[in-house]
Amino acid sequence: SDDKGSTTSESFFSFVWRFHLSPAARMVELVRLFTVVGTCIAAPLSFILSGDWNSPDLVPGGRALLAFDCTMDVVYAICLALRLRISFLHPITKKEVVDIKNIQQYFCGSFIWWLQVISSFSYLWLGLGATLLLNNLKIIRVGPLLRAPDALWRWEDNIVVRLGRPVVLLVLGAHWTACLLFTLGGFRQELINREEEFETNFDMGYGISGQVSGGVSLYFMAFVEALYMLTGSLDNPLGDGGPRNKDFGSLLMVSIFGPAGCVVVALFISAIMREQQRAFALDSKHEENKAFMERALQILEIPPELQQRVLSMHLFQKFEHDVEAFNSLFEKKNLSKALENTLLVYLYRETVVCSPHFKNKDPNYIIAVVNVLEDQVFLPGDYVVRKGEVAQSMYFVSRGWLTILIPDHAEDENNVEKAKPIPQRLGVGAQFGEIALVKDTVRTAWVRADTYVIVSALPSSSIRHVWDFYPEERLELLRTVERHAERDRKRRVKQRWEKGLGGATVTPWKARGTPMRGSMTVAQPEQPEQPEAAKTVRFDGSDSESQSPRSFKTKSVDTNETSDTREMISESGLGRKLQAIESRMDELLRRQNSLERNVSESLKQHKDDHAELLSTLRGWQERDQPSFGHEEQWHEDQGRSQERKVKRKQRKTAKPCVDLTPLAKMEVGPYPQTTVVLESMPPEDPPPAVAPDENESVILQLNFPGDPPQPSELVRVGDVKST
């Protein structure tokens, strides 16, 4: 028990309040500050009329004022004692002094601290017969008013405190000087001799009026002169015609406080200028940058419209995304790494942290990602990404709205004016361009800013370095991107197929010209003994006598095929097949456009031939009896005209057909062969059969609405490669 008691006693006498952490330290310093203000008000009034405790009638407020002043002394003395338990920032080394022995040694060795202690016991000296003028020693306590205590360091950043401090100091200083001037400068004698002559009246209207005693009027006269004296603008230093006339005390005070007033004015003005400079420091820097930018635009002879966009970007960054301020916060090492990471996670909490790609991930991985993000600003109408440019970053939308523009593959796919916007726009929290993180590719669409936009770019080079330490995150993102890419490829193939048909129906035919019955099926054939170097997908006709002549041949699936092979086919082969089908569809659409142009040119040529024939007929009709030679020429022209009519009729009845057999020849991979068989119901009146060819092949005729299909007009293809 003795050891425990000694430990408790030792901890009680060795405790220290940290000035920047302890609320008790802030409370002690705050109380000390209020006691200083109370002393600056009460102490000068105690000796203004040369009174004391035994003659309270000569003290404004009587013994109540003296009791208040004495209470301020006692509280201030307690605060001085508690300061020996509060750490402080050393004024020279700028390091916190925490050891209690060092704290006590510092204060006990300070002459100012001893003067403050003596001023706390002024009424003890007054009881021994000293005058109340000893209260002027309390002026040494104004230190907390000149500079905030260490425990109140947050007040230094408050603009109200910074601007109000000079005013408070000037008013309290003028009050103390006015009391000294009243006592030693002749005002007290005038109050004793001619108090009635200095009585004043006031009338504020609204029935508010009255008379002010000579003592109060004389105090305010002294206060005004003290105020002008401390500001260096006293116009009557000798006091001619006033209470200070021919008074030595007033001359002595003017000679002391007059020069001090010039210093006070300089400090007062400098404090105001410093606050103004601090308040407009960032605006001044922006204006300087704007002046440099405008000069550069003039030298480069940039068009006015483009100059306006550049200045609009500068104005937006000034108000909404201040780069200068952000650089000072993050790039000048003003933060610790832990605090910087905390700020970044908070800033990107609604974009990156909540993204499906990074949600519920390892916090260390998220911190590594947000550390490599780069904020970018775009004006309305700017393109964040453009089709065909190299994809290097993924983007997260932090502010504004964007529109995705899809190219029109049927027309000019590189013309952004013909691109089609997606109805759903991108807003805050959206992301796009993630495929750039997992593969080297180019952009396939445009993304346009509809408003002022702020996006956070995640460069692929930076994230790949992070993935060296988090490989599982890369694999998961790769699978997600592949799923999205497969979905987009299916959508594009479907759109191109529908647009390429242009309203036509598809009827599968064999080379014999017989339409097939049934439905579309997909089957996998048996794996050959010697597989080819590539996997083939083809449309295959039926040769078997056992099957119906109106059906396609469907090959069975090898039951001995392993599950690994099927998985490889489903994951790798499907994506490649879709990509190959997409490329072949583009080629077939281009062929269809070429065929349409040829048909249009042929029609134009036949129109010209028809006009020429009509002109020839008119010439023969004008002659009554043509000669023998001319008659033979006439018959020849008639024969040629008939031949042209037959050919023109054949061309008019011919329908553009696209053989989709080349779609089946796709080199995908060394996997088992897959056969895609198309079957369909025949029309009600099947057309006559076409003579069989040597090479069996399946072709798809595009039957455009309006005319029934003509089997005799089919374009049969034997060799796919030559086609």
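Scroll up a little and you will see the structure.
What counts as what
- Residues numbered from 1 in each chain as written.
- Predicted model: local features only at pLDDT ≥ 70, side-chain atom pairs only at ≥ 80, totals over all residues.
- Heavy atoms only, no water.
- Core = buried A, V, L, I, M, F, W, Y, C linked by side-chain atoms within 4.5 Å.
- Buried < 20%, exposed > 50% of the residue type's maximum accessible area, 1.4 Å probe, protein only.
- Helix = DSSP H or I, 4+ residues; strand = E, 2+ residues; numbered from the N terminus.
- Salt bridge = Lys/Arg side-chain N within 4 Å of Asp/Glu carboxyl O.
- Pairing = 2+ DSSP bridges.

Engineer: Before we go on, may I ask you to explain the nonpolar core in this structure?
Structural biologist: Nonpolar side chains tend toward joint burial in soluble globular proteins. Counting 46 residues, the largest nonpolar core has Cys-40 and Phe-182 as its most contacted members. Per-element accounting of this core gives the leading share, nine residues, to helix α8 (residues 159-184). With 21 residues, the next largest nonpolar core counts Val-352, Val-438, Trp-467 and Leu-477 among its residues.

Engineer: Whenever I open this one, the pattern of salt bridges confuses me. Can you help?
Structural biologist: Side chains carrying opposite charge are able to pair once their charged atoms draw close together. This model, assessed by the stated rule, comprises 21 salt bridges. Two residues, Glu-320 and Arg-399, come together in a salt bridge whose shortest N-O distance is 2.8 Å. Taken together, the residues span a long stretch of sequence, with Glu-320 in the loop between α13 (304-319) and α14 (323-331) and Arg-399 in strand β7 (residues 393-399) at a distance of 79 residues. With a relative accessible area of 42%, Glu-320 lands in the partly exposed category. Given a relative accessible area of 34%, Arg-399 falls into the partly exposed group. Ionic contacts of the salt-bridge type, sharing partners, join the residues Asp-69, Asp-73, Lys-138 and Arg-141 into one network.

Engineer: I keep staring at the pairing of β7 and nothing clicks. Help me out?
Structural biologist: When a strand is regular, its side chains alternate between the sheet's two faces. Judged by how many residues are buried, β7 sits mostly within the fold: five of seven residues are covered. Where β7 and strand β12 (residues 453-459) come together, six bridges link them in antiparallel fashion. Bridge pairing links Tyr-395 to Ala-457 in β12. Across two bridges, β7 lies against strand β10 (residues 431-432) in antiparallel orientation. What sits directly across from Phe-396, in β10, is Gln-431.

Engineer: Before we go on, may I ask you to explain the sheet that holds strand β11 (residues 446-449) in this structure?
Structural biologist: Backbone hydrogen bonds hold the strands of a sheet together, and the pairing may be parallel or antiparallel. Taken together, the four strands give an open sheet; going across it, the order is β6-β11-β8-β9, and neighbouring strands pair in antiparallel fashion. A single partner strand is all that each edge strand has here, and the edge strands are β6 (383-385) and β9 (420-421).

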